[in-house]
Every structure is written in structure tokens, then in C-alpha cells.
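A structural walkthrough
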Amino acid sequence: MFAVAAGPFAPGHLGELTQVVPFELVDAVLEETGCVQHRLRDLPSRVGVYFLLAMCLFPEVGYRLVWNKLTAALAGVGLEVAGPTAKALRDLRRRVGPAPVRRLFEVLTGPLAQPAATGVRFGRFRTVSFDGCSSIRLADTERNAEWFGPGGRGGCPMLQLMTLVETGTRALIGAVFGPTETGETAYACRLLHHLRPDMLLLWDKGFDANAFLAALTGTGAQFLGRIRANRRTPVLARLGDGSYLSVIGTVAVRIIEAQVAVALDDGTSFTGAYRLATTLTCANRYPATVLAALYHERWEHESAYYALRHTLGQARPLRSGDPVGVEQEMWAQLTLYQALRTVMVQAAESRPGTDPDRCGFTIALQAARDLVVQAAGITTVPDASTIGVIGQRVLAGLLPPRRPRVSTRKVRSSVSRYAERQDDGRPDRSRTVTRLDVAILEPANEQPALPAASRDDRLATHSQRRRHRILDLLHEEPGRSWRPRDIAARFGDVTLETMYRQLNRWAANGLIHKLGPGLYTATQWSPTPLPPAEIR
């Protein structure tokens, strides 16, 4: 026998995950965001929130089938439940809106592991990481394409997701998302307020920017990140472990240049190089070889994205056909992901010494799906144990300790299908590492000079000419609202994707006005005359 809410609230549950997202919490966020229903009918707002989470738990079926899974056990014991149409459930989504789900995520988000948990800390620091995911596909609708930009080569529009993750548990500490045209660093700056002085942030070379590092240092958190190959780092003081003190912008850092030699189980081997920058400047307390090995933890973020996008989302496009629906669905998916991670971490901590990364996300997900259909464990754990059914199944199927493996990182959509992969010595498929040696390289006496220019001047001139041509077109009809496709159609050398990106950038700089999603108009503009040789 199971216990559910009374009356029309009965379908509002998430199986055993309801204990992570209890009724009281959902009611509180609905009240806080002003989304409580005015009249109590068959589909209260609380039921709508749980329906949104269940919709992400079963992405392969439509609205009606999701509802049937929520109510299957209820109808089996004679409870009267509503039988809404797909349109009624779609209207329920619109009535609830994205605000309650976003607030629910903000309540659940944050580090999950206790300080003594295995594999979550480096000394006194909790290791966290920044990374972006620009491969989340959206429904191929006109409204999504206008807001998020069209997909490449006729594909689906894409969404850019940026998250701050606790690497030891892969739990979400913060998340933002939006169009892919906005850079990862800009999104990451919106998450800096989540950092604390007891955190050690890991990041890839895409975040190697002076302004970003200065803002990051202002949070009090420490960092260990990879820097670009052409970054010039002056040698201010050599340290005993081969690293050296330097400066990036206004931030005092320690540079570690490491060469990694890897031997594989098939008898082959290869080497790779890393340049790392960190604010942990004490070589005695934090040896360079230890930090070089620690940087590998950043790849736990990739595992988090795999679980979110492929395991939970089944690599399907989000079902919402408009930006408001996309926002609501994305917050619901992130909330559901965090709820699953919460249960997994609780299970790992119930068995001291268990590393949370040995808990299988697929096992937890499938157990949660089963318990939703059974309406089991909604208010109490069935056997009154310290953990529920999901946790028990996770512990029964713990993954073996992580073995070192290596494989070439593949890009699904390459520039050319005929282009050959650059041979860097790394294997084409996953191989077990039999030996790994890290050697710290001494800095050269003279640092290599940076290239004189990072871009081709001819490309800059071409972009300048294009800007003048497009702005002149808008000023020919100053009262007209232009769509990117209309402007791109006037010029045969401008792709629609480039047009979306440039119009948004010019609107942000005040050159034109953005009236709404995909609508632009002219503003007062006095172009700087081009040299005669550049006018066409």
C-alpha cells in the first residue's frame, strides 16, 4: 500500500524522489513566485510542477503517456483521477510557467558531499569546475530558431548550458543557459557568486582571460586551470619542484609546465603537454606533480554532462517549441538531475569509504522511473531503512573503482567529413592506461614572443565592409523591422547563422535596436568613412 496526497493533488508526486522534492517545498516555491492556482480544479499548480519533472523523467513519451505513468498505480486502487487531454496538460505547463521550477532548482542546488566524504576534497578545498555544453538540441521551430539561432547545416537550434559542478559528486552548484552565440566566459561570470574561499576551481583553457581571472580571484576561491599555448608568462621566481611564479594580468599565479607520458595496454605510448596556472603558490604544500594529477578531476564535469544529456535526456531534443517552454523544461531537467544526484550521494555516504563516482546514474534513473509508475515511497521509505529503494539499488550495483583510460576526443560534427584526424599518437578508441609518468618541465630562460597579430587583417576589413553594407540597408528604411533571414537574403555572402550572431552583437553595442526575438531596426548611426580602396 502507498500513501499519496488527497483529492486532485494525488497525481502530484515523483515516486521516491518526492522525498527530495516534498509537497511543502513545491507549495512554498509556488507561493513565493505567485503561481498558485486561483481556483482548485482537476489540475492544481502543484500537480503541474511534478508533471514537469515527470516529463523530463520520461522524455521518450508524450504528455498523455507521462500522465498515465503518474496515475497508473492510483487508478489500480480505485482512486478517481482526472483524464486530461494533451492540450489541457500543455495549458497546465503555460499556467505554471518557468519561475517556480527555476526557484525549485535554486533551492536544491549546491554541494552535496559532507566534508569527510571520499574523493570530494583536495586538502581543505572542495574541488569544483566550470564547463559549458553547447550540444543540447532544441525543437526545430521558428520561434526557437529566432531566439537561440538556427542549427548548423540545417540541424536543430542549440542551447548553451554553463554549470558549476562539484567534481567529487557531479552535483550542480549553479547553472545558466541561453543562446550559443554568447561566450562561455560571459556565462561563467554569472556563476561566480557561487564560489567560496574553501573551493578550488578547475577550468579548461577556454576560460583563460585576464578579466575573468581577476573577477574569479575576487571571490576568494583558488583555481587550477589550463592556459593557452601562446600565453606569455614571465618567470618571476623559480621554485624547487620545477614550477615558477608569474603573473597573468593583475593576478599572481604559479605556472606548471608538465609533460605526460602514457603507456597503453596494447603496447603503444604517447606524450602530451599541459600548461597550468594556479593560485596555490606554495610548492612545498602543493607539489607540481600532485596538482598536474589533480587537474584530471576536471573531466568529471564531462561525465556529468553525459549523464544529463545522454542518460537522462536520451540525447533527444527538448520538446518545447518556444523560448519560454525551453526555459521551463531546462530548469525542470536540471532539478530532476540534482534530485537524482542527491539520492546517490546519500547512498554513498551511508557506506563510509565509498566514492560517490562509483554510483551508477543509470541505475538510479531506472529505479526512480519504476517507483514513479508504482507510486512507491512518496512519503516514507518502505522498509524504514536509512536509504530508500533507489539508494539500495545503487549500492547493490556499485561500479568498480575508476581505471585510467584514454581515448581521442571526437567531435561529432567535423568541419569536413573528408578531413583526416590529426595524428597525435592517441588511440582512436578507449584504451586502458598501464603506466602514466608526469614530468615537470623547467621554464626556458627566454619566453617566446607572441605572434604580432592573432587575426588576419583582411578578414577584419571584410567584416568592416559587411557591417557598413548591412547598416546602410537598415537606414534606407529606418521604420522597418527587419528579420535576420530578410537581411541575409539581400547579401549572398552572409549565412543566416552569421547574421543572427552579428545582429545580436551590434544590438548589444548600440549600433541597432533589438525589438524582440529576431526583430531588429535601425538606430541613429553615423558611419566612419572607409578608405577609398576599401569601398565597393
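Since we're looking at a predicted model, the values are computed, not measured.

What counts and how
Chains are numbered independently. Their residues run from 1 in the order of the written sequence. For this predicted model, a pLDDT threshold of at least 70 governs which residues receive local features, and a threshold of 80 or more governs which side-chain atom pairs are given and counted, while totals over whole chains, interfaces and linings are taken from all residues. Side-chain measures here rest on the full set of heavy atoms in the structure, leaving out hydrogens and waters. Here the rule is simple: two strands pair whenever DSSP picks up at least two bridges between them. Strands here are runs of E lasting at least two residues and helices are runs of H or I lasting at least four, both read from the DSSP assignment and numbered beginning at the N terminus. Orientation is described by axes fitted as lines to C-alpha atoms, over the contacting stretch for helices, and by angles from 0 to 180 degrees between their N-to-C directions. Geometric relationships in this document are graded by angle, where less than 35 degrees denotes roughly parallel, more than 145 denotes roughly antiparallel, 65 to 115 denotes roughly perpendicular, and other angles denote oblique. Crossing chirality is assigned from the near helix's rotation relative to the far helix, an anticlockwise turn below a right angle marking it left-handed and a clockwise turn marking it right-handed. Residues are treated as being in contact if the distance between any of their heavy atoms lies within 4.5 Å. Burial classes follow relative accessibility: with a 1.4 Å probe on protein chains only, a residue under 20% of its type's maximum area counts as buried, one over 50% as exposed, and anything between as partly exposed.

The subject of this paragraph is the pairing of strand 13 (residues 512-516). Across 4 bridges, the pairing between strand 13 and strand 14 (residues 519-522) is antiparallel. Looking at strand 14, one finds that Gly516 is bridged to Leu519. Linking two consecutive strands that pair antiparallel, namely strand 13 and strand 14, is a turn of 2 residues; a positive phi of about 75 degrees is found at Gly518 within it.

All right, on to the packing of helix 10 (residues 300-312) against helix 11 (residues 323-349) then. Any two packed helices are characterised by how steeply their axes cross, that is the angle between the axes, and by the distance between the axes. It is at 11 Å that the axes of helix 10 and helix 11 come closest, and there the two elements cross at 115 degrees. In terms of their interaxial angle, helix 10 and helix 11 are classed as roughly perpendicular. Where helix 10 crosses over helix 11, the two elements pack in a sense that is right-handed. Residues Ala304, Ala307, Leu308 and Leu312 of helix 10 form the contact with helix 11, whose participating residues are Gln333, Leu334, Leu336, Tyr337, Leu340 and Arg341.

Of note, Ala315 is a non-glycine position whose phi angle comes to about 55 degrees, a positive value. Residue Ala315 is classed as partly exposed on the basis of its relative accessible area, which comes to 25%. Despite not being glycine, Ala375 shows a phi value in the positive range, around 55 degrees. In this structure, Ala375 sits in the loop between helix 12 (361-374) and helix 13 (389-396). Taking the relative accessible area as the measure of exposure, Ala375 reaches 1% and is therefore buried.

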